[in-house]
Amino acid sequence: MKLQKFKIITHNESQQVDEKTNILLNTEHIVSIKPIKLTTVERQVIDGYWVRLSNGKKYKAIQVPEMIKKLFSEQLPQIEINEDCMHEISLQ
């Protein structure tokens, strides 16, 4: 089991406040992480992450481990255009 600390945000409807909670998540069960913008009750915009787990649970994280932030800052290779497809299109 590979536990990592995350800070998630949840909205408490009865008190109309956002609650921030520390949580340990098993990174082996993370299916996807997507960067998102979150708004708070005070109308602040926070950079966050939508974390989905293999059991179907979803969390809005406002703090994630440094290793995840590094993955998002990594540059992907340039998109390669397949010249064979372009040739077929121009012939038609």
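These lines cover the structure that appears in this document, whether it is placed above or below.

Okay, a nonpolar patch on the surface next. Together, Met 1, Leu 3 and Leu 24 give the surface a local cluster of nonpolar side chains, amounting to about 370 Å² of exposed area. Checked against the element boundaries, Met 1 lands in the segment before strand 1 (3-12).

Right, let's talk about the sheet that holds strand 2 (residues 17-26) for a bit. Reading across the sheet, the five strands line up as 2-1-5-4-3 and stay open at both edges, with antiparallel pairing between neighbours. Each edge of the open sheet is held by one strand with a lone partner, namely strand 2 and strand 3 (30-39). Strand-to-strand twist in this sheet, taken as the mean axis angle between neighbours without regard to direction, amounts to 40 degrees. Direction of pairing for strand 4 (residues 45-53) relative to strand 5 (residues 58-63): antiparallel, over a ladder of four bridges. Its bridge partner being in strand 5, Val 51 is matched across the sheet by Tyr 59.

The next point concerns the pattern of salt bridges. Tallying each qualifying case throughout the model produces one salt bridge. Between Asp 47 and Lys 37 there is a salt bridge; the shortest N-O distance is 2.5 Å. Remark: Lys 37 occurs in strand 3 and Asp 47 occurs in strand 4; sequence separation between them is 10 residues. Both residues of the pair, Asp 47 and Lys 37, count as exposed.

On to the pairing of strand 5, then. Here strand 1 pairs with strand 5 via two bridges, running antiparallel. Looking across to strand 5, one finds that Lys 7 is bridged to Gln 63. Between strand 4 and strand 5, which pair antiparallel and follow one another directly, the connecting turn spans four residues, one of which, Gly 56, has a positive phi of 95 degrees.

Turning our eyes to something else, we now look at the side chain of Asn 26. Within the element layout of this structure, Asn 26 appears in strand 2. Within the structure, the side chain of Asn 26 is placed 3.3 Å from the backbone nitrogen of Lys 2, a separation counted as a polar contact. At 3.1 Å, the side chain of Asn 26 forms a polar contact with the backbone nitrogen of Glu 28.

The next point concerns the nonpolar core. In terms of nonpolar packing, the biggest core is built from 12 residues, these being Phe 6, Ile 8, Ile 23, Leu 25, Ile 30, Tyr 49, Val 51, Leu 53, Tyr 59, Ala 61, Val 64 and Ile 68. Of all the secondary-structure elements, those providing two or more residues to this core are strand 1, strand 2, strand 4 and strand 5. Broken down by element, this core gets its largest block of residues, three residues, from strand 4. With residues up to four places along the chain from it excluded, the contact list for Phe 6 reads Thr 21, Asn 22, Ile 23, Leu 25, Ile 30, Val 51, Ala 61, Gln 63, Val 64, Pro 65 and Ile 68.

What counts, and at which threshold
Residues numbered from 1 in each chain as written. Predicted model: local features only at pLDDT ≥ 70, side-chain atom pairs only at ≥ 80, totals over all residues. Heavy atoms only, no water. Patch = residues over 30% accessible without salt bridge, like charges linked within 9 Å, V, L, I, M, F, W, Y side chains within 5 Å. Areas by Shrake-Rupley, 256 points an atom, 1.4 Å probe, with all protein chains shown as cover. Salt bridge = Lys/Arg side-chain N within 4 Å of Asp/Glu carboxyl O. Helix = DSSP H or I, 4+ residues; strand = E, 2+ residues; numbered from the N terminus. Pairing = 2+ DSSP bridges. Axes fitted to C-alpha atoms, helices over the stretch in contact; angles between N-to-C directions. Buried < 20%, exposed > 50% of the residue type's maximum accessible area, 1.4 Å probe, protein only. Polar contact = N/O pair within 3.5 Å; in protein donor to acceptor, adjacent residues only side chain to side chain. Core = buried A, V, L, I, M, F, W, Y, C linked by side-chain atoms within 4.5 Å. Contact = heavy atoms within 4.5 Å.

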